[in-house]
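# Results of the structural survey
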Amino acid sequence: MNNPSSIYIVDDLLEEIFLRLPLKPILKSKTLSKRWRSILESKNFVGRRVSFQKSRKILAAYNCDCGAQPRLLPESRFKGDEEIVYLHCDTKRPSIMTCDGLVCIPEQDWINVLNPWTKQLRRFCFGAWSSGYSRVMGFGSDEVTGRYKVVKMEIWSYSDHCGVECSVLDVETGEWWMLSPPSYKLLCPLSHKLSRKSVCVNGSIYWLQHVGSGYKILALDLHKEKFRNVSVPLTRVTQETQIANLENRLTIAVTYRNPEWKLDIWSKGSSRWNMTYSISLAGKGVPWEIRSKGFTPVSVSKQGNLVFTDNHKRLFKYYPRTDEIRCLSLDTCVISPFLETLAPLPLKSTLPFPHPRRTSKCRVLSKQDEFGIVELLISTLVAVGIVWFSL
């Protein structure tokens, strides 16, 4: 009121404007005002921004061993109508895990946690690798507190004895602590295997365990930090069975070869399992030579079409209405479905990231994805107009 020429926008309206901006102008806005930065890094805005997104991308690996820090490539690509974003990384490393747009990359002696959208990378001590130990990892978010956690299980065996040690890393504080192991035995012989692949669904991490001729699912509630068993609805299982997070539901995908080559997908609801897809694969463009390989569901479009992949970098899309399968790509190393997130990471790592070699083998990183204040102002004006006309 004292300065009629100034314009003051209340925080609630600013938040509505920012929600409608693309990610790049939002990141630029954080550097222009402490007040704006406070709004954009608040848990409320970060959560609303994730749920506000209209489409989900697919994260794929761009393999390169140049030694540079993992990061997103500047440009995405479309395979059919699916947008693929590429993470520049070394795919020879152990499995890459994701949760709500964050990426966790375990290595031999440390763990990298990355927000590829904000380019924040944090490194944490992993602990020495012990010979004779089998290491299984998990990464997810505590649904109650919103904290991201890394779970490490080290399974050892000696003669007829075996055991397991469990520990958890809080990404926000960088602290490790021990967990009580599962109440039942995790046996190490070949007849009892715990899958190295894990998925996080609604605050719990899941591992598929092969026990004799059947399967079990081991689950860890990240808030209560307690293990439990999850029943598997399958009377007939195969070695190609996979678990996944499909549209925020725990999913089991089973590939059968006999008597019919098909893919069955089960999703767990609040109380029971339901078969959501049963797809006959023969004669629909899926190469017959990969019939011994398993398939993993990736995402479901708004039209109900299913995107799935195999372990040979092939990406497919199934259309239930016409019972057709189309091959979207023959060379895409899919990691997971992916969302843009502004979730901040702690300011310091427990370990610095080593400098990459001066001569990089990858020319893609030389391209800088820059944008200026003009793009920010145009996008902001568009968002303000949308909010103005909606009032």
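Residues numbered from 1 in each chain as written. Predicted model: local features only at pLDDT ≥ 70, side-chain atom pairs only at ≥ 80, totals over all residues. Heavy atoms only, no water.

With that settled, the discussion passes to unusual backbone geometry. The linkage connecting N258 with the following residue, P259, adopts the cis geometry, with an omega of -5°. Residue position: P259 is located in the loop between β18 (250–256) and β19 (262–268). Of note, N248 is a non-glycine position whose phi angle comes to about 60°, a positive value. Assignment of secondary structure puts N248 in the loop between β17 (242–245) and β18. Here D323, not a glycine, exhibits a phi torsion of approximately 60°, which is positive. With respect to the secondary-structure elements, D323 resides in the loop between β23 (315–319) and β24 (324–329). (Helix = DSSP H or I, 4+ residues; strand = E, 2+ residues; numbered from the N terminus.)

The subject of this paragraph is the sheet that holds strand β22 (residues 306–310). Taken in spatial order, the 4 strands line up as β21-β22-β23-β24 in an open sheet, and their pairing is antiparallel. The open sheet is flanked by β21 (295–300) and β24, the only strands paired with a single partner. The mean inter-strand angle of the sheet, taken between neighbouring strand axes irrespective of direction, is 30°. Two elements, β21 and β22, share 5 bridges in a ladder whose sense is antiparallel. Directly across from F295, in β22, lies its bridge partner D310. (Pairing = 2+ DSSP bridges. Axes fitted to C-alpha atoms, helices over the stretch in contact; angles between N-to-C directions.)

A few words now on the nonpolar core. Core analysis: the largest hydrophobic core is formed by 54 residues, its most contacted members being L87, V113, F139, V150, M153, V171 and W207. Sort the elements by how many residues they give to this core and strand β10 (residues 148–158) lands first, with 5 residues. If sequence neighbours within four positions are ignored, V150 has contacts with C104, I111, M137, G138, F139, S167, V168, L169, V171 and W176. (Core = buried A, V, L, I, M, F, W, Y, C linked by side-chain atoms within 4.5 Å. Buried < 20%, exposed > 50% of the residue type's maximum accessible area, 1.4 Å probe, protein only. Contact = heavy atoms within 4.5 Å.)

With that out of the way, let us pick up helix α4 (residues 43–52). Looking only at α4, the buried set comprises F45, V46 and R49. Within α4, the buried residues cover an arc of 100° as seen down the axis, which keeps them to one side. What points out from α4, more than 90 degrees from its buried face, is the exposed set K43 and S51. Next to the buried residues of α4 lie α1 (11–19), α2 (23–29) and α3 (34–40). (Arc of directions from axis to C-beta.)

Moving on, we come to the packing of aromatic side chains. Taken as a whole, this structure holds 7 aromatic pairs when the rule is applied. Ring centres of F139 and Y148 lie 6.1 Å apart, and the angle between their planes is 20°; on these two criteria the pair is classed as stacked. We classify Y148 as buried; its relative accessible area is 14%. For the pair F295 and F308, a centre-to-centre distance of 5.6 Å together with 80° between the ring planes defines the contact as edge-to-face. Taken together, the positions of F295 in strand β21 and F308 in strand β22 put the pair 13 residues apart, joining distant regions of the chain. Residues F295 and F308 agree in their burial class; the two are buried. Aromatic ring contacts, followed pair by pair, group F295, F308 and F316 into a single cluster. The residue whose ring lies beneath R77 is Y86, and the NZ or CZ to ring-centre distance is 5.3 Å. If you follow K152 out to its NZ or CZ, it ends over the ring of W176, 5.0 Å from the centre. (Phe/Tyr/Trp six-rings, centres within 6.5 Å; stacked < 30°, edge-to-face > 60°. Lys NZ or Arg CZ within 6 Å of the ring centre and 35° of its normal.)

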